[in-house]
Amino acid sequence: YRADKLLEDHIDALLNGGTVVPTTAEEHRKVQRQADAYSPEELGNILVEYAITAPATGNQLTAPFAFNLMFGTKIGPSGTLTGYLRPETAQGLFVNFRRLLDYNNGRVPFAAAQIGLGFRNEIAPKNGLLRVREFTMAEIEHFVNPAEKEHPKFASVRNIVMKLFDRDAQLGTGRIAELTVGAAVSAGTIANETLAYFMARTQLFMVKIGMDLTKLRFRQHLATEMAHYAADCWDLEIFTAYGWIECVGHADRACYDLAVHSAATGVQTEAFKQLDTPVEMESVTLLPDRKTIGLTFKKEQKAVYAALDVLQSDDSKLRAFEATLSTGEAVLHDGETAWKLTPDMLAFKRSKKLVQVVKFIPSVIEPSFGIGRILHALLEHSFHQRDSKDEQRVVMRFAPPVAPIKCGIYNLQTNVKFMPFVAQIEKLLTDAGITNKADTSGQSVGKRYARADELGTPFGVTVDFDTLIDHSVTLRERDTMRQVRVKISALPSLLQELCGFSDHPKPWASITSRFQRVCCVEGPIRHQVTSRCIFSRPAELI
């Protein structure tokens with residue numbers, strides 16, 4: 001079992017049981033909110049304190065222990081080399097950083113993105129696409145000067161309001177704040193403009209594909225959750241039937257990835273900035289006492305030197321380390337191991353020089369998308385019943401940009417005269433890049449509409465007797481079930497607008513103001529559209 005999940009589920013059951021007084025409930029919530037931040041020893045003590053046992057059997061649990069989520073494998077014909085399936089897709093972008101930098105003419109900032117499979121040894125795969133061992137990820141690596149994390153397009157998202165669940169609230173009130181992006185950066189809630197920009201863009205993307213905005217929030221990582229090198233981390237969480245699910249991670253990973261890659265391979269990962277006028281700058285250089293370090297750390301000295309190289313690449317952290325070391329000792333770590341260094345092991349050389357070009361190892365801002373989880377949440381948010389008492393009237397309210405089929409094409413009745421128009425509309429929409437499906441079965445048009453609604457098809461075109469006269473058809477919108485009368489020749493451009501081919505989808509209401517609405521009767525069994533239902537025919541349709 002995942003020890004932290006056992007604790008979270010147990011506290012949920014405890015609070016839902018109604019036996020906990022309100023003054024104590026908040027203390028339980030605080031424990032629950034930081035369940036995944038406890039050490040194995042702390043978790044073990046809490047499991048004992050809450051008397052938590054195995055859910056299915058009631059048996060006693062072993063003490064929690066660390067678990068490697070990476071899949072190990074053997075490489076080569078002899079199987080003597082150990083390798084691991086990648087737990088994320090980002091590594092390829094760091095390995096290719098030099099090529100990407102050259103491609104961008106040596107300029108920073110720039111971003112690269114990729115999509116692919118990741119693998120994690122999930123303890124207990126479950127909940128559909130939420131917990132699986134093989135999953136699709138999409139990641140962006142935005143490389144930026146560590147001293148210049150402003151974003152040139154920040155003004156375009158400054159006024160967007162986001163729900164922020166910061167670390168202080170998680171450990172305190174438990175309240176979610178609603179702030180504009182600009183206010184969050186100004187207050188220091190979000191570390192910098194570039195991180196905030198990608199968070200805002202992620203929210204805009206989620207709304208565009210059809211997520212319910214009221215079920216989105218950004219949760220900040222607690223200090224105990226974050227990697228030692230990270231500057232700030234926020235997860236976009238989406239509310240589903242399984243509660244709040246982490247779907248997109250946003251991390252300011254500082255310079256760690258490129259610095260470690262450079263130290264391990266010898267490949268230079270520095271970028272350059274040309275200054276307008278030369279400036280005098282003070283640099284600090286680490287001078288390790290190799291004899292003392294060798295005698296102290298022996299076989300670990302190589303790892304210590306690699307960690308020192310990473311430290312040297314970040315001037316602010318290097319100066320902070322120097323200040324700590326001056327007090328008597330300082331802890332150096334590489335994410336897995338920590339070493340205590342004393343002043344006799346290191347010296348710091350300062351020098352001043354006039355510089356025209358500044359070298360730096362870029363920081364990276366990384367949004368990482370779990371595609372399966374996003375898809376699962378989207379399916380939940382899109383599911384709808386027209387009548388809560390009628391389970392047969394199910395609708396998948398997919399937003400037009402993500403609906404697999406954009407438009408259905410129907411004949412009002414089984415009439416051979418309608419079929420050439422159905423074929424004509426199919427060709428027009430296909431040529432315009434609008435995915436469509438013709439349903440000319442013998443069932444009533446109402447049943448065919450209902451069938452398309454279940455598939456999430458947002459629009460439907462019906463050929464009727466008036467089509468034979470004026471080459472016009474009815475265009476139906478799935479969610480409102482309203483219809484307008486449209487010329488066949490106008491369909492491709494109109495549907496492209498509605499589906500957001502050029503920019504954002506145009507709302508259906510803006511379309512009804514341009515065309516005559518059709519009066520119709522629609523139910524679960526039948527649908528009637530006749531020429532007698534048309535109030536009037538605009539001149540453009542004659």
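Here is a short report on the structure shown in this document. (Residues numbered from 1 in each chain as written. Predicted model: local features only at pLDDT ≥ 70, side-chain atom pairs only at ≥ 80, totals over all residues. Heavy atoms only, no water.)

### What to know about the overall build of the chain
Filter applied, for reference: Secondary structure elements follow DSSP: runs of H or I of four or more residues count as helices, runs of E of two or more count as strands, with numbering from the N terminus. Between buried and exposed lies partly exposed: a residue is buried under 20% and exposed over 50% of the maximum accessible area for its type, with that area taken using a 1.4 Å probe on protein chains only. Two residues form a contact once any of their heavy atoms are found within 4.5 Å. Note that accessible areas follow from Shrake-Rupley with a 1.4 Å probe, and for residues the cover is restricted to the protein chains shown. Residues scored as charged are limited to Lys and Arg (positive) and Asp and Glu (negative), so that His and the chain ends carry no count. All charge positions are set by atom: Lys at NZ, Arg at CZ, Asp at CG, Glu at CD.
A count of helices and strands for the chain gives 18 helices and 24 strands. Overall, the C-alpha framework of the chain stretches about 95 × 65 × 55 Å when taken along its three principal axes. Counting all 542 residues of the chain, 42% fall into the buried class. Across the chain, the fraction of contacts at a sequence separation of at least 24, relative to all contacts at a separation of at least 6, is 65%. As displayed, the chain has an accessible area near 28,500 Å², and 55% of this comes from carbon and sulfur atoms. A distance of 6 Å separates the average location of the 63 positive side-chain charges in the chain from that of its 63 negative side-chain charges.

### Considering the sheet that holds strand β22 (residues 517–518)
What counts here: Here, any two strands with at least 2 DSSP bridges between them count as paired. Note on geometry: axes are C-alpha line fits, over the in-contact stretch for helices, and angles between N-to-C directions span 0 to 180 degrees.
Spatially, the six strands line up as an open sheet ordered β18-β17-β19-β20-β21-β22, and their pairing is mixed. Every interior strand has two partners, whereas the edge strands, β18 (436–439) and β22, have only one. Summarising the sheet, strand β19 (residues 459–463) and strand β20 (residues 472–477) pair through four bridges and their orientation is antiparallel. By the bridge assignment, G460 is partnered in β20 with R476. The sheet contacts of helix α15 (residues 445–455) involve β17 (407–411), β18, β19, β20 and β21 (483–487), and relative to β17 the element is tilted by about 165°. Lying on the sheet, helix α17 (residues 491–499) is in contact with β17, β19, β20 and β21; it crosses β20 at an angle near 10°.

### Remarks on unusual backbone geometry
The omega angle of the peptide bond from V108 to P109 is 15°, so this bond is cis rather than trans. Position of P109 among the secondary structure elements: in the loop between α5 (97–103) and β3 (110–119). A positive phi angle is found at N105, which is not glycine, with a value near 60°. Checked against the element boundaries, N105 lands in the loop between α5 and β3.

### Here we look at the packing of helix α1 (residues 3–16) against helix α2 (residues 22–33)
This is how the line gets drawn: Roughly parallel means an angle under 35 degrees; roughly antiparallel, over 145; roughly perpendicular, 65 to 115; everything else is oblique. Helix crossings get a hand from a simple test, with the near helix turned counterclockwise from the far one by less than a right angle marking a left-handed crossing and a clockwise turn marking a right-handed one. Polar here means any residue other than Ala, Val, Leu, Ile, Met, Phe, Trp, Tyr, Cys and Pro, which are nonpolar, and Asp, Glu, Lys and Arg, which are charged; Gly is therefore polar.
Where α1 contacts α2, the axes come no closer than 9 Å and their chain directions differ by 160°. The angle between the axes of α1 and α2 places the two elements in the roughly antiparallel class. Considering only the axes of α1 and α2, their crossing is left-handed. In contact with L7, E8, I11, D12, L14 and L15 of α1, α2 contributes A25, H28, R29, V31 and Q32. Taken together, the residues that form the contact of α1 with α2 break down as six nonpolar, two polar and three charged.

### Some remarks on a nonpolar patch on the surface
Note the threshold: The residues that make up patches have over 30% relative accessible area and no salt bridge, and they are joined within 9 Å when like-charged or within 5 Å when they are Val, Leu, Ile, Met, Phe, Trp or Tyr. Salt-bridge detection follows one rule: a side-chain nitrogen of Lys or Arg within 4 Å of a carboxyl oxygen of Asp or Glu.
A contiguous nonpolar patch, built from F65, F67, L69 and I123 and spanning about 380 Å² of accessible area, is present on the exposed surface. Examined against the element boundaries, I123 turns out to sit in the loop between β3 and β4 (134–144).

### Topic: the side chain of E8
Tracing the backbone through its elements, the reader meets E8 in helix α1. Apart from residues lying up to four places away in sequence, E8 is in contact with Q32 and A35.

### Looking at the layout of surface pockets
Worth spelling out the cut-off: A cavity here means a set of 1 Å grid points, computed over protein atoms only, where a 1.4 Å probe fits but cannot escape. A pocket is an open set with protein on both sides within 12 Å along at least 5 of 7 lines, and lining residues have an atom within 4 Å of a point. Grid points are joined across faces, edges and corners, and a volume is the space filled by probe spheres set on the points.
Size it by volume and the second largest pocket reaches roughly 1,100 Å³. For the second largest pocket, the lining is made up of 36 residues, of which Q312, S313, D315, K359 and F360 are closest to its centre. Within the residue set of the lining of the second largest pocket, elements represented by two or more residues are α9 (256–265), β10 (271–288), α11 (301–312), α12 (315–325) and β13 (346–360). Counting residues per element, the lining of the second largest pocket draws most heavily on β10, which supplies seven residues. Its residues assigned to classes, the lining of the second largest pocket comprises 15 nonpolar, ten polar and eleven charged.

### Examining α17
In plain terms, the rule: Arc definition: directions from the helix axis to the C-beta atoms.
Here α17 has its buried residues at L491, P492, L494, L495, L498 and C499. What you see down the axis of α17 is that its buried residues fit within an arc of 165°, all on one side. Contact partners of the buried residues in α17: β17, α14 (419–431), β19, β20, β21 and α18 (508–512). Remark: G500 follows α17 within two positions and exhibits a positive phi of approximately 75°.

### Looking at the side chain of E141
One can find E141 in strand β4. R253 provides the closest opposite charge to the buried, unpaired E141, separated from it by 5.4 Å. Ignoring anything within four residues of it in the chain, the contact list for E141 reads A90, L93, F94, F110, A111, A112, V364, I365 and E366.

### Focus on the pattern of salt bridges
Counting across every chain of the model gives 26 salt bridges. Here E366 ties to R253 by a salt bridge, and the two come within 3.7 Å at their closest N and O atoms. Of this pair, E366 sits in strand β14 (residues 363–370) while R253 sits in the loop between β9 (243–252) and α9, and the two are 113 residues apart along the sequence. The shortest N-O distance in the salt bridge between R319 and E282 comes to 3.4 Å.

### Digging into the packing of aromatic side chains
Heads up, the condition is: Pairs were defined over the aromatic rings of Phe, Tyr and Trp, the Trp ring being its six-membered one, requiring ring centres within 6.5 Å. Orientation was assigned from the angle between planes: stacked under 30 degrees, edge-to-face over 60, tilted for the rest.
Summed over the entire model, instances satisfying the criterion amount to eleven aromatic pairs. Geometrically, the ring pair formed by F239 and W244 is edge-to-face, given 5.3 Å between the ring centres and 65° between the ring planes. Here F239 falls in the partly exposed class, since its relative accessible area comes to 36%. Among the residues examined, W244 registers a relative accessible area of 31% and is labelled partly exposed. Ring geometry for F418 versus F465: centroids 5.2 Å apart, planes at 65°, classification edge-to-face. Taken together, the positions of F418 in the loop between β17 and α14 and F465 in helix α16 (residues 465–470) put the pair 47 residues apart, joining distant regions of the chain. With a relative accessible area of 0%, F418 lands in the buried category. We classify F465 as partly exposed; its relative accessible area is 39%.

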